[in-house]
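# Chain and residue survey
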Amino acid sequence: MEISNLDLPSYVQPIEFAGEGRRSITYRAEANGEVVALKVYRQEFIDKYQQRYKINIAQFEINRNQQFYDFEPLRPYAARPIKVLVVDDGYSLCFLQEFIIGHTLVELANREHGLPQSVLDAGRFICQTAEAAGMHDLDIFYKNVMVRKLADTWLPVLHDFNMIPQYQYPPNPFLALAYLTGIRRKSHRDWRCLKGWHAYSEQQSTVESNGH
């Protein structure tokens, strides 16, 4: 969706395109003097979430984001949720979130020829801590994660919280049974994604080695 086509309150001023994913497009914007991420959902997924899951995708995402952000041990690894703009108020369905100043995980791995150990260690901490706290399916696919430097240490930051948890809405009876019986852990996809971080890091390290 083009910026010019958005219905927004006067205090939200879009600045420029920032990125896009499968379910939404993100713009850098200003809201009440703060630079924020303005996440605009694709109509296809607004409709899909409403029809299939009876869920408002924006409200679902801010709730998931807030749950993660409110858990103090995980707060350094999450963008701060701000506000949902709703259609009932005459606005386009959008989600305002902290704008992360940093890089994508992919950019950092490419630049450093692998990920810093601090990022990989933090990824494991996120999976372990979230699983213990009952938070699963966090969408930590390596292409969806940002990284930023805090106190000279690179740390991952999660900003996508709109993926439907598979254990709550299994796509077929076989997975439903696997989750029900415990054969498949609720956090299965989180740990699988973390392996993807390691695999991509090793791939970039190999590229550097072969270059020499």
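As a reminder, the structure under discussion sits directly above these lines.
Residues numbered from 1 in each chain as written. Predicted model: local features only at pLDDT ≥ 70, side-chain atom pairs only at ≥ 80, totals over all residues. Heavy atoms only, no water.

### What about the nonpolar core?
In this structure, Phe68, Ile140 and Trp197 are the most contacted members of the largest nonpolar core, which totals 31 residues. Among the secondary structure elements, those contributing two or more residues to this core are helix H2 (57–70), helix H3 (105–112), helix H4 (117–132), strand E8 (153–157) and helix H6 (188–211). It is H4 that provides the largest number of residues to this core, a total of six residues. (Core = buried A, V, L, I, M, F, W, Y, C linked by side-chain atoms within 4.5 Å. Buried < 20%, exposed > 50% of the residue type's maximum accessible area, 1.4 Å probe, protein only. Helix = DSSP H or I, 4+ residues; strand = E, 2+ residues; numbered from the N terminus.)

### Some words on H2
The end-to-end C-alpha distance of H2 is 20 Å, a good match for the 20 Å that 14 residues give at a rise of 1.5 Å each. Every buried residue of H2 is listed here: Ile57, Ala58, Phe60, Glu61, Ile62, Arg64, Asn65, Phe68 and Tyr69. For H2, the side-chain oxygen to backbone nitrogen distance between the N-cap and Ala58 is 3.0 Å, and the N-cap itself is Asn56. (Expected span 1.5 Å × (residues − 1). Polar contact = N/O pair within 3.5 Å; in protein donor to acceptor, adjacent residues only side chain to side chain.)

### Some details on helix H1 (residues 43–53)
When we look at burial in H1, the residues that qualify are Phe45, Ile46, Tyr49 and Tyr53. All buried residues of H1 fall inside an arc of 110° around its axis, so they share one side. The exposed residues of H1 that point more than 90 degrees off its buried face are Glu44, Gln51 and Arg52. (Arc of directions from axis to C-beta.)

### As for the packing of aromatic side chains
Tallying each qualifying case throughout the model produces nine aromatic pairs. In textbook terms, an aromatic cluster arises when at least three aromatic residues are bridged by ring pairs, as seen for Tyr49, Tyr53, Phe60 and Tyr169. Geometry around Tyr69 places Arg75 over its ring, the cationic atom sitting 4.7 Å from the centre. (Phe/Tyr/Trp six-rings, centres within 6.5 Å; stacked < 30°, edge-to-face > 60°. Lys NZ or Arg CZ within 6 Å of the ring centre and 35° of its normal.)

### Remarks on the sheet that holds strand E7 (residues 146–150)
Judged by pairing direction, the sheet is antiparallel, and its three strands sit side by side in the order E6-E7-E8 without closing on themselves. Of all the strands in the sheet, the pair left with one neighbour each is strand E6 (103–104) and E8. Two elements, E7 and E8, share five bridges in a ladder whose sense is antiparallel. Bridge assignment links Leu150 to a residue of E8, and that residue is Thr153. (Pairing = 2+ DSSP bridges.)

### Structural notes on the sheet that holds strand E1 (residues 12–20)
Strands sit in the order E1-E2-E3-E5-E4 across an open sheet of five strands; the sheet is antiparallel. The sheet terminates laterally at E1 and strand E4 (81–85), the two strands that pair on one side only. Strand-to-strand twist in this sheet, taken as the mean axis angle between neighbours without regard to direction, amounts to 30°. H2 rests against strand E3 (34–41), E4 and strand E5 (94–98) of the sheet, and its axis sits at about 165° to E4. (Axes fitted to C-alpha atoms, helices over the stretch in contact; angles between N-to-C directions. Contact = heavy atoms within 4.5 Å.)

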